[in-house]
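# Observations on chain architecture
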Amino acid sequence: ADLPVPPPTEMVIVLVAPHGETPLRLPLLAPERGVLEVEPNPGFDKAQVLSLPSGAPLSILGAIERPQDVDVFQIAAEAGERLRVAVTAHSLGSLLDPLLTLHDSKGVPIATADDGEGSPDPQLDITVPRTGHIFLVVQDANDAGSEAHPYRVTVESSAPVELVAAVEPAAAVSFVRDIAPILQRHCVACHGEAKAEG
């Protein structure tokens with residue numbers, strides 16, 4: 001009741017425990033600024049549909065509530081529209097290691113981000129390739145989840161730019177060039193011959 005009007009976007013509280021003090025940054029969500037994640041939204045067919053407010057960013061407060069949970073959101077976008085999508089978790093004191101992926105209306109990945117610059121919180125800037133739905137997928141990079149894995153997603157949109165047809169067709173995906181390095185970087189340490197987990 002004593003919050004200023006309009007309320008701030010987050011509030012800092014201090015958790016005092018025998019081992020010391022821990023500052024926590026709690027996101028605050030005014031109704032005109034955003035929405036709460038609604039379960040179940042684990043796939044494209046059950047994605048939570050969102051509307052971007054005109055001229056203002058949209059905030060979504062959610063949580064990866066259990067291991068291997070995935071939260072999917074759907075927004076309408078126009079070809080050439082520029083989107084900035086950011087996940088805030090670590091800086092709020094969340095245990096979430098967010099992985100953010102954007103997919104087109106057919107479910108084809110457009111862009112993915114694991115970490116941002118100097119932070120585990122990712123951000124993506126894209127120009128929408130074609131008019132239609134965009135799916136935003138948030139999950140934990142380590143497949144963890146609990147009540148201690150909350151996040152805030154912020155989506156900002158700017159005016160469409162005129163798309164110029166590509167001069168060259170996109171190169172075909174190569175397992176050796178595109179896929180194998182990802183598996184080497186993120187998977188084989190726990191899923192190799194010497195060690196098998198999960």
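Residues numbered from 1 in each chain as written. Predicted model: local features only at pLDDT ≥ 70, side-chain atom pairs only at ≥ 80, totals over all residues. Heavy atoms only, no water.

Moving on, we get to the environment of Arg-152. Along the chain, Arg-152 falls in strand β12 (residues 150–158). Separated by 64 residues in the primary sequence, Arg-152 and Thr-88 place their C-alpha atoms 5.1 Å from one another. (Helix = DSSP H or I, 4+ residues; strand = E, 2+ residues; numbered from the N terminus.)

Right, let's get into the pairing of strand β10 (residues 123–127). The alternating pattern of β10 places Leu-124 and Ile-126 on a buried face, while none of Gln-123, Asp-125 and Thr-127, on the opposite face, is buried. As judged from the 5 bridges shared by strand β7 (residues 82–88) and β10, these two strands associate in the antiparallel manner. Counted as the bridge partner of Ala-86 is Gln-123 from β10. (Buried < 20%, exposed > 50% of the residue type's maximum accessible area, 1.4 Å probe, protein only. Pairing = 2+ DSSP bridges.)

Moving on, we come to a nonpolar patch on the surface. On the surface, Val-173, Phe-175, Val-176, Ile-179 and Leu-183 cluster together into a nonpolar patch covering about 490 Å² of accessible area. Tracing the sequence through the fold places Val-173 in the loop between β12 and α1 (175–186). (Patch = residues over 30% accessible without salt bridge, like charges linked within 9 Å, V, L, I, M, F, W, Y side chains within 5 Å. Areas by Shrake-Rupley, 256 points an atom, 1.4 Å probe, with all protein chains shown as cover. Salt bridge = Lys/Arg side-chain N within 4 Å of Asp/Glu carboxyl O.)

This part takes up the sheet that holds strand β9 (residues 109–113). The 5 strands are arranged β4-β6-β11-β8-β9 in an open sheet whose pairing can be described as mixed. On the outer flanks of this sheet lie β4 (48–49) and β9, each paired with one strand and no other. Of the strand pairs in this sheet, β4 and strand β6 (residues 70–77) are connected by 2 bridges, and their pairing is parallel. Note that in β6 the partner of Val-49 across the bridge is Gln-74.

Approximately 780 Å³ is the volume found for the largest pocket. Residue lining of the largest pocket: 24 residues in total, with Leu-99, Ala-141, Ile-182, His-186 and Cys-187 positioned closest to the centre. At the level of elements, β8 (98–103), β9, β11 (132–140) and α1 are the ones that each hand at least two residues to the lining of the largest pocket. With 5 residues, β9 is the single largest residue contributor to the lining of the largest pocket. When grouped by side-chain class, the residues that make up the lining of the largest pocket number 10 nonpolar, 9 polar and 5 charged. A volume near 200 Å³ is recorded for the second largest pocket. Lining the second largest pocket we find 14 residues, and of these Arg-82, Arg-84, Glu-156, Ser-157 and Ser-158 sit closest to its centre. Taken together, the residues that form the lining of the second largest pocket break down as 6 nonpolar, 4 polar and 4 charged. (1 Å grid on protein atoms, 1.4 Å probe; cavity = no way out; pocket = protein on both sides within 12 Å on 5 of 7 lines; lining within 4 Å. Points joined across faces, edges and corners; volume = space filled by probe spheres on them. Nonpolar A, V, L, I, M, F, W, Y, C, P; charged D, E, K, R; others polar.)

Counting 25 residues, the largest nonpolar core has Leu-102, Val-138, Tyr-151, Val-153 and Val-155 as its most contacted members. If near-sequence neighbours (up to four positions away) are discounted, Val-153 is found in contact with Leu-58, Ser-59, Ile-60, Val-85, Ala-86, Val-87 and Val-138. (Core = buried A, V, L, I, M, F, W, Y, C linked by side-chain atoms within 4.5 Å. Contact = heavy atoms within 4.5 Å.)

All right, on to the pattern of salt bridges then. Across all of its chains, the model carries 5 salt bridges by this definition. A salt bridge links Arg-84 to Asp-125; its shortest N-O distance comes to 2.6 Å. In this pair, Arg-84 is assigned in strand β7 and Asp-125 in strand β10, connecting sequence segments 41 residues apart. For Asp-125, a relative accessible area of 47% gives the class partly exposed. One salt bridge in this structure joins Asp-178 and Arg-177, with 3.0 Å as the shortest N-O distance. A relative accessible area of 28% means that Asp-178 is categorised as partly exposed. Bridged by salt links that share partners, the residues Glu-65, Arg-66 and Asp-69 form one connected network.

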